[in-house]
Amino acid sequence: MRKIYRILAIVLVCIITAGILSCNEPYRSFGVSPRSLEFKVLGGSQTVYVVGDNWELITEDEWIQTKVVNDKITVTVGINNTKKVRHGSIIIKTPYDSKTVKVKDVVKLESSNYIFLYLDLTNAQPEKFDIILQQGKDKKVVPYEIKERKAGSSDRVGFNSSDVLYLIMPDRFANGDPSNDVIPGMRESKVDRDQQYARHGGDFKGISNHLDYIHDLGVTAIWFNPVLENDMPEGSYHGYATTDYYKVDRRFGSNEEFVDLVNKTHAKGMKVVMDMIFNHCGSEHFFFTDRPSKDWFNYPEKYVQTSYKTTTQHDPYASATDKKLAIDGWFVESMPDLNQRNPHVAKYLIQNSIWWIEYSGLDGIRQDTHPYADFDMMSRWCKEVAEEYPDFNIVGETWLNNNVAIAFWQKDSKLAAPRNSNLRCVMDFPLMGVMENAFDEETNPWDKGMARIYEYLGQDIVYENPLELLIFLDNHDTSRFYRNIEQTSNLNRYKQAIAFLLTTRGIPEIYYGTEILMAADKSEGDGYLRRNFPGGWSGDPVNAFNASERTAHQNEAFDYIKKILNWRKGNEAIAKGTLKHFAPTNGVYVYERKYNDKSVVVILSGSDSEKTIDLATYKEILPKNQAKDIISENTINLDGQTLTIKPRSVFILEF
Ligand SMILES: [Ca+2]
Ligand SMILES: [Ca+2]
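Each value, and the rule that gives it
- Residues numbered from 1 in each chain as written.
- Chains lettered and ligands numbered in written order.
- Predicted model: local features only at pLDDT ≥ 70, side-chain atom pairs only at ≥ 80, totals over all residues.
- Helix = DSSP H or I, 4+ residues; strand = E, 2+ residues; numbered from the N terminus.
- Buried ≥ 20, exposed ≤ 12 C-beta atoms within 10 Å, placed from the backbone.
- Contact = placed C-beta atoms within 7 Å.
- Axes fitted to C-alpha atoms, helices over the stretch in contact; angles between N-to-C directions.
- Left-handed = near helix turned anticlockwise from the far one by under 90°.
- Pairing = 2+ DSSP bridges.
- Right-handed = clockwise from strand over helix to strand, strands pointing away.
- Parallel < 35°, antiparallel > 145°, perpendicular 65-115°, else oblique.
- Nonpolar A, V, L, I, M, F, W, Y, C, P; charged D, E, K, R; others polar.
- Core = buried A, V, L, I, M, F, W, Y, C linked by C-beta atoms within 7 Å.
- Domains from an automatic or database assignment.

S.K.: How should I be thinking about the overall build of the protein chain in this particular structure?
M.R.: Per the secondary structure count, the protein chain includes 14 helices and 29 strands. Counting over 655 residues, the protein chain shows a buried share of 47%. A sequence separation of at least 24 residues applies to 70% of the contacts in the protein chain between residues at least 6 apart.

S.K.: I keep staring at unusual backbone geometry and nothing clicks. Help me out?
M.R.: Across residues other than glycine, the phi torsion is negative in most instances, and most of the peptide bonds are trans. Residue Ala417 is joined to Pro418 through a cis peptide bond whose omega torsion reads 5 degrees. Among the secondary structure elements, Pro418 is positioned in the loop between helix H9 (403-408) and strand S19 (425-427). Even without being glycine, Thr369 reaches a positive phi, approximately 40 degrees. Along the chain, Thr369 falls in the loop between strand S17 (364-367) and helix H8 (375-388). For Thr369, a count of 21 C-beta atoms within 10 Å corresponds to the buried category. Despite not being glycine, Asn422 shows a phi value in the positive range, around 60 degrees. Accessibility expressed as a C-beta count within 10 Å gives 18 for Asn422, which makes it partly exposed.

S.K.: Can you walk me through the packing of helix H7 (residues 343-360) against H8 in this structure?
M.R.: Helices that pack against each other are described as a pair by the angle of their axes relative to one another and the distance between those axes. Viewed as axis vectors pointing N to C, H7 and H8 meet at an angle of 35 degrees, and their least axial separation amounts to 10 Å. Helix-helix and strand crossings are classified by hand; for H7 and H8 the assignment is right-handed. Contacts from Ala346, Leu349, Ile350, Ser353 and Ile354 of H7 reach H8 at Met377, Trp381, Glu384, Val385 and Glu388.

S.K.: Looking at this structure, I do not really get the sheet that holds S19. What am I missing?
M.R.: Within a sheet, adjacent strands bond to each other through the backbone by hydrogen bonds, running parallel or antiparallel. If you walk around this closed barrel you meet the eight strands as S12-S13-S16-S17-S18-S19-S20-S21, and the pairing is parallel. Averaged over neighbouring strand pairs, the angle between their axes works out to 25 degrees when direction is ignored. Two strands pair when backbone bridges link them, and strand S16 (residues 271-276) and S17 are joined in this way by four bridges, in the parallel orientation. Its bridge partner lying in S17, Met276 is registered against Gln367.

S.K.: When you look at the environment of Leu165 in this model, what are you seeing that I'm missing?
M.R.: Of note, Leu165 is situated in strand S12 (residues 165-168). Given 25 C-beta atoms within a 10 Å radius, Leu165 is considered buried. Each C-alpha atom of the pair Leu165 and Lys271 lies 8.5 Å from the other, and the pair is 106 residues apart in sequence. In this structure, Leu165 is in contact with Phe159, Val219, Ala221, Trp223, Val273, Ile507 and Glu509, ignoring residues within four places of it in sequence.

S.K.: I tried to follow the sheet that holds strand S27 (residues 635-637) on my own but got confused; where do I start?
M.R.: Read across the open sheet, the six strands follow the order S22-S23-S24-S29-S26-S27; overall the sheet is antiparallel. Either end of the sheet is taken by a strand with one partner, and the two such strands are strand S22 (578-585) and S27. When the angles between neighbouring strand axes are averaged without regard to direction, this sheet yields 25 degrees. In terms of strand pairing, strand S24 (residues 598-605) meets strand S29 (residues 650-654) through five bridges, oriented antiparallel. Paired with Leu604 across the two strands is Val650, which belongs to S29. Running at roughly 140 degrees to S22, helix H11 (residues 450-457) makes contact with S22, strand S23 (588-595) and S24 of the sheet.

S.K.: What exactly am I supposed to notice about the pairing of strand S20 (residues 469-472) here?
M.R.: Successive side chains on a regular strand alternate, one facing one side of the sheet and the next facing the other. Of the two faces of S20, both are covered, the one formed by Leu469 and Ile471 as well as the one formed by Leu470 and Phe472. Where S19 and S20 come together, two bridges link them in parallel fashion. Paired with Met427 across the bridge in S20 is Leu470. In terms of strand pairing, S20 meets strand S21 (residues 507-511) through three bridges, oriented parallel. In the sheet register, Phe472 faces S21, and the bridge partner there is Glu509. Between the parallel elements S20 and S21, the chain passes through helix H12 (residues 491-501) in a crossover that is right-handed.

S.K.: Whenever I open this one, the packing of H12 against helix H13 (residues 552-568) confuses me. Can you help?
M.R.: Look at H12 against H13: their axes get within 10 Å of each other, and the N-to-C directions meet at 15 degrees. Taken as axis vectors, H12 and H13 run roughly parallel relative to one another. Considering the relative orientation of H12 and H13, their crossing is right-handed. Along the contact surface, H12 presents Leu491, Tyr494, Lys495, Ile498 and Ala499, while H13 presents Glu556, Ala557, Tyr560, Ile561 and Ile564. Grouping the amino acids of the contact of H12 with H13 by side-chain chemistry returns eight nonpolar, no polar and two charged.

S.K.: Looking at this model, I keep getting lost on the nonpolar core. Mind explaining?
M.R.: Nonpolar side chains in soluble globular proteins tend to be buried together. Core analysis: the largest hydrophobic core is formed by 136 residues, its most contacted members being Leu165, Tyr166, Ala221 and Ile222. Here this core takes eight residues from H7, the largest share from any one element. Here this core gathers at least three residues from each of two domains, domain 2 (162-276 + 473-569) and domain 3 (577-654). Leaving out residues up to four positions away in the same chain, Ala221 has contacts with Phe159, Asp163, Val164, Leu165, Tyr166, Met270, Lys271, Val272, Val273 and Asp363.

S.K.: Any chance you could explain the environment of Tyr389 here in plain terms?
M.R.: Residue position: Tyr389 is located in the loop between H8 and strand S18 (393-396). Residue Tyr389 is classed as buried on the basis of its 23 C-beta neighbours within 10 Å. Sequence separation between Tyr389 and Arg156 is 233 residues, and the spatial gap between their C-alpha atoms is 6.9 Å. Apart from residues no more than four positions distant in its own chain, Tyr389 is found in contact with Ser154, Arg156 and Ile357.

S.K.: Is there a simple way to think about helix H10 (residues 429-438) in this case?
M.R.: For H10, the full list of buried residues reads Phe429, Leu431, Met435 and Ala438. Residues of H10 that are buried make contact with H9, S19, H11, S20 and H12.

S.K.: Is there a simple way to explain the pairing of S17 in this structure?
M.R.: The two faces of S17 match: Gly364 and Arg366 on one face and Ile365 and Gln367 on the other face are all buried. Pairing analysis gives four bridges linking S17 to S18, with the strands arranged parallel. Bridge pairing in S18 places Arg366 opposite Val395.

In structure tokens:
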């Protein structure tokens, strides 16, 4: 069995000494005595995971006395495992001689409030032990556990192009438990569904209540916007201002409830993708309010905003000044920019992500603001996760305006060589722009309508792996595909976009509510891009989870996407197939997906008038004289010389 615990080998322990108890630190106070020691274990659950076959639990305690000579402190861990360090009057020791866990290093940074205990788990076996922190006569025991990994844990298969992700913003989807809407003691103390930037009360229970709905729709994975604690005074309902990397926000539920939601999602055959943020945290995180060291954050002296010009990461002409401003500047003032070049920051984030994968059973991670963080550290992170979970997948939010810049971020890209991001999946933002215009313009041969798609996909030469592109019509940060309800009257635009999105190369993502034609324009404010799903709150006038309460128009859209999504499941031509397309002719765009002897041919009319295509042109992708159109469920005859295409129609022909 592969040894997989190496990366999990650090424990971070924060110690608040008696002298600075006044600093307002409520986190994980073990409260020995208010005048003695208080601790917060930054490593989270005090649990790391190891794997092993022939291990023995060590039960015999063998105490070693701690030696204090003058002010020199001895950190003693077991008989053969003694470390001497100086750090004021703090002592660490384990209560017995663990034969497997060794103290590798104890690090003291500038702040006297923290020490970092690194454990060498090279030969670790599952066991429980205590970390003892002692100051004078005061002593605090921190229980720690090395757990055995679940069988097959490293074999999990992450999301891939056989999947379609359904993106949910937990605060806005459904409120299954009104009792957790407001948690006493947390900084934001109300819910207000009339305010776009306030919390609305959505939670894990609300999602869990509607897993059947999501599953029936036909998606195969759920991507949750961030679920970690955001104990900020305001505007953190979206979850991008983390204040605790090891705890979900209690307004969504508990860690245990999150694991339960993951398990239930898995039970329905769907994967789970967790949103993570390494670039920044919330300004109320204790890392910021009580910094371990000055260089824990970039621009530590005063707030400097990023230029957002992450093109500097690949620009061969970028100045050092521009690069620093883009990468080290803060995203916004309430989200201080973490310095991933600090090795302890890097280790903390990497270990945290692996802990969540193992603890909650994730199938993927979506990394926020990926290009805003340090390239080398992010590369190392992707590599180390892949070493633990070879088939796991991570998608980075590469919000850049052109495919060259995005291709640079994909694993093994020649554009980045000799560097390598190790990031398997990147986001195809330019395709979103192409799709915004492609389905309602009159197609011309060069640059309008379907020609936009044809020309854009022709540039896939820049991508190392086009199948590992996340593709989408919209997400929680953009205008929705329909910007207003009036536009939704044009359902042909929707039908063409959905058919294309679910049959072209890549991994589609569907933003919640797309299936019921939810519309939003970013100019109204980001909060309106994240409107409540109708029926997610008791007392909502309409419950769109029920077909009978949706409009006929909504049901037409819903049934359409549901049909294609469910057909797409397990379809290898779509998941793994090659793509071959033809230059739009007479306003019609035709392409083939093919895997072994199975193929799918998609025909999209890019015109408001009826067109005729010459079937001889497409002979190389039409192996039979007829095929079933999975949308109309009609058999289409292809034995004539021509095929008549109705305005804005779609065929998905299966061979
Ligand atoms: Ca709630
Ligand atoms: Ca940064």
